[in-house]
Amino acid sequence: MAKLTVPQVKNAKPGRHGDGNGLFLIVGELGGKSWVLRMQRNGKRRDFGLGSTRDVSLAEAREAAAATRKLVLKGIDPVAEKKKASGIPTFHEIAKVVHREYAPGWKNKKHAAQWITTLETYAFPDIGDRLVNNISSGDVRDVLAKIWLEKPETARRLRQRITTVLDYAHAKGWRESETPTGAISKSLPKQPRSTRHHAAMPWKEVPAFVASMADRIGAGEVVQLAIEFALLNASRPAEVRFATWSEIDFDANLWTIPAGRMKAGKAHRVPLSERSTAILARMTELRRTRNNDGLIFEGAKLGKPLSENTLTKPFRDAGIPATVHGFRSSFRDWCSDAGGVPREVAEACLAHELASETEAAYARTDHLDRRREVMERWADYVGERVGN
């Protein structure tokens with residue numbers, strides 16, 4: 001292979017131009033020029049970047065290629081040696097440190113494992129070996145772009161975790177600035193709005209499920225009663241898990257959930273059916289904490305609520321494709337298909353905010369009396385025993 005000349009380097013067209021002994025001049029479509037040394041060692045081919053022609057002349061590129069070649073033949077990794085000499089760690093190294101330092105503070109071990117796995121899967125292949133001071137906002141943007149639309153939730157978590165690593169590096173003095181997350185997000189396309197649907201049981205199957213719940217899910221009595229109470233009142237699991245005795249008006253058969261525990265941020269009155277009050281009567285017999293603010297459905301630990309997993313696991317273990325939250329959908333479908341419940345009343349039962357601003361402006365009632373009738377009818381339907 002003929003050696004390159006200085007004029008040839010200056011006038012080189014886009015493509016790869018060889019100088020011999022594995023040294024190549026790479027010219028991009030936009031005119032950028034850089035030197036690369038290609039070597040094969042132990043059956044593996046590897047390219048070593050030697051810099052841009054703006055900074056490295058032809059003669060200097062040949063010298064750098066020769067020096068790099070000697071190191072490789074001695075079994076020394078020139079890239080690793082260069083990084084070590086700079087004293088600045090790679091993204092991969094810092095991510096491991098951050099994970100090691102932060103993990104003890106995370107209660108959820110699954111989250112701790114997922115935190116580093118997300119980076120290993122989506123970030124390390126592109127920027128893992130890069131020095132943290134050489135990672136630009138554009139580099140981060142390119143990593144995120146690969147899954148930004150395909151896996152939006154994962155991409156958002158990845159953005160947060162990359163930012164944590166780079167900001168940690170900034171705090172340690174290895175980067176000049178914090179990560180410009182705003183600029184990165186603005187450079188990416190708008191993600192499609194996604195709605196997560198909770199697995200729901202068809203409303204026609206609910207009575208049979210309630211009748212056989214003890215045998216089907218094998219949970220303790222308190223858990224079963226909590227599930228049934230949530231089902232009867234079309235409540236979100238958290239609303240039931242954190243319900244306290246002070247929220248119950250036994251004289252009016254009314255459960256008032258404070259605004260702070262409601263998704264919409266507004267207090268919600270729940271008219272209690274006869275079966276719901278019977279469940280509460282049984283819970284007074286099982287009650288362990290006697291103060292007025294005590295939890296109705298206490299967990300195994302005194303004064304602590306049932307965990308979210310405690311209400312989810314029985315369905316999963318029994319192979320039932322449903323969730324406690326999904327019973328809200330079962331109720332809503334029953335309202336439409338069999339209950340003959342007007343839309344505004346059904347939505348009020350679920351404590352949904354009206355989508356239309358005009359409609360909401362004219363809504364001056366929470367339809368309590370009408371909802372009381374609906375919830376009693378729902379409880380009667382749920383209490384039906386298949387085959388009777």
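Residues numbered from 1 in each chain as written. Predicted model: local features only at pLDDT ≥ 70, side-chain atom pairs only at ≥ 80, totals over all residues. Heavy atoms only, no water.

Quick look at the packing of aromatic side chains
Here is step 1: On inspection of all chains with the given rule, the structure shows 13 aromatic pairs.
Here is step 2: Ring plane angle 75° and centroid distance 5.4 Å describe the contact between Phe 331 and Trp 378, whose orientation is recorded as edge-to-face. Note that Phe 331 is positioned in helix H16 (residues 327-339) and Trp 378 in helix H19 (residues 368-382), a separation of 47 residues in sequence.
Here is step 3: Measuring from centroid to centroid gives 5.2 Å for Trp 334 and Trp 378, while their planes differ by 55°, and the two rings are tilted. Within this pair, whereas Trp 334 is found in helix H16, its partner Trp 378 is found in helix H19, the two being separated by 44 residues in sequence. Comparing Trp 334 with Trp 378, the two get one shared label, buried.
Here is step 4: Taken together, the ring pairs in this structure connect Trp 203, Phe 331, Trp 334, Trp 378 and Tyr 381 into an aromatic cluster.
Here is step 5: Note that Arg 16 overlies the ring of Phe 24, its terminal NZ or CZ placed 4.7 Å from the centroid. (Phe/Tyr/Trp six-rings, centres within 6.5 Å; stacked < 30°, edge-to-face > 60°. Helix = DSSP H or I, 4+ residues; strand = E, 2+ residues; numbered from the N terminus. Buried < 20%, exposed > 50% of the residue type's maximum accessible area, 1.4 Å probe, protein only. Lys NZ or Arg CZ within 6 Å of the ring centre and 35° of its normal.)

Quick look at the packing of helix H7 (residues 137-145) against helix H8 (residues 152-171)
Here is step 1: Interaxial distance between H7 and H8 falls to 10 Å at its minimum, and their mutual angle equals 155°. If you check the angle between H7 and H8, you find them roughly antiparallel. Note on packing geometry: the crossing formed by H7 with H8 is right-handed. On the side of H7, the interface is formed by Val 140, Val 143 and Leu 144, while H8 contributes Ala 155, Leu 158, Arg 159, Ile 162 and Leu 166.
Here is step 2: Of the residues belonging to the contact of H7 with H8, the class tally is seven nonpolar, no polar and one charged. (Axes fitted to C-alpha atoms, helices over the stretch in contact; angles between N-to-C directions. Parallel < 35°, antiparallel > 145°, perpendicular 65-115°, else oblique. Left-handed = near helix turned anticlockwise from the far one by under 90°. Contact = heavy atoms within 4.5 Å. Nonpolar A, V, L, I, M, F, W, Y, C, P; charged D, E, K, R; others polar.)

Describing the sheet that holds strand S1 (residues 15-20)
Here is step 1: Pairing is antiparallel in the open sheet, where four strands are placed in the order S1-S2-S3-S4. The outermost strands of the open sheet, each flanked by one partner alone, are S1 and strand S4 (44-52). With direction set aside, neighbouring strand axes in the sheet form an average angle of 30°.
Here is step 2: Bridge count between strand S2 (residues 23-27) and strand S3 (residues 33-41): five bridges; the pairing is antiparallel. In the sheet register, Phe 24 faces S3, and the bridge partner there is Val 36.
Here is step 3: Each of S1, S2, S3 and S4 is contacted by helix H2 (residues 58-73), which is oriented at about 25° to S3, the strand it contacts most. (Pairing = 2+ DSSP bridges.)

Observations regarding the pattern of salt bridges
For side chains of opposite charge, pairing can occur when their charged atoms come near one another.
Here is step 1: One pass over the full model with this rule turns up 17 salt bridges.
Here is step 2: Salt-bridge contacts for Arg 38 lead to Asp 47; the nearest nitrogen and oxygen are separated by 2.9 Å.
Here is step 3: In this structure, the salt-bridge partner of Lys 96 is Glu 120, at a minimum N-O distance of 3.0 Å. Here Glu 120 lies in helix H5 (residues 109-122) and Lys 96 lies in helix H4 (residues 91-102), a separation of 24 residues in the sequence.
Here is step 4: With a relative accessible area of 30%, Lys 96 lands in the partly exposed category.
Here is step 5: Taken together, the shared-partner salt bridges connect Glu 153, Arg 156 and Arg 157 into one network. (Salt bridge = Lys/Arg side-chain N within 4 Å of Asp/Glu carboxyl O.)

A look at the confidence of the model for the chain
Detailed conclusions should not be drawn from predicted coordinates in areas where pLDDT is low.
Here is step 1: On average, residues of the chain carry a pLDDT of 86, and 91% of them reach 70 or more.
Here is step 2: Ranking the elements of the chain by mean pLDDT puts helix H18 (residues 357-362) last, at 42, and helix H12 (residues 221-232) first, at 96. (pLDDT = per-residue confidence, 0-100.)

As for the pairing of S1
Here is step 1: One ladder, built from five bridges, connects S1 with S2; its direction is antiparallel. Bridging across to S2, Gly 18 finds its partner in Phe 24.
Here is step 2: Count of turn residues in the S1/S2 antiparallel hairpin: two residues, of which Asn 21 carries a positive phi of about 55°.

Remarks on the side chain of Lys 33
Here is step 1: Following the sequence through the fold, Lys 33 ends up in strand S3.
Here is step 2: From its side chain, Lys 33 meets the backbone oxygen of Val 9 in a polar contact 2.8 Å long.
Here is step 3: A distance of 2.6 Å separates a polar side-chain atom of Lys 33 from the backbone oxygen of Lys 10.
Here is step 4: In contact with Lys 33, not counting residues within four places along its chain, are Val 9, Lys 10, Asn 11, Ala 12, Leu 25, Ile 26, Val 27, Ser 52 and Thr 53. (Polar contact = N/O pair within 3.5 Å; in protein donor to acceptor, adjacent residues only side chain to side chain.)

Focus: the side chain of Arg 371
Here is step 1: Mapped onto the elements, Arg 371 comes out in helix H19.
Here is step 2: By relative accessible area, which is 1% here, Arg 371 ends up buried.
Here is step 3: Ignoring sequence-local partners within four residues, the contact set of Arg 371 consists of His 268, Arg 269, Val 270, Pro 271, Val 345, Ala 348, Cys 349 and Asp 366.

Brief notes about the sheet that holds strand S5 (residues 248-249)
Here is step 1: Pairing is antiparallel across the open sheet formed by three strands, whose spatial order is S5-S6-S7. Each edge of the sheet is formed by a strand with only one pairing partner; in this case those strands are S5 and strand S7 (268-271).
Here is step 2: Looking at chain direction, strand S6 (residues 254-257) and S7 are connected through four bridges and run antiparallel. For Ile 257, the partnering residue across the bridge sits in S7 and is His 268.
Here is step 3: Across the sheet, H19 lies against S6 and S7, angled at about 45° from S7, the strand it touches most.

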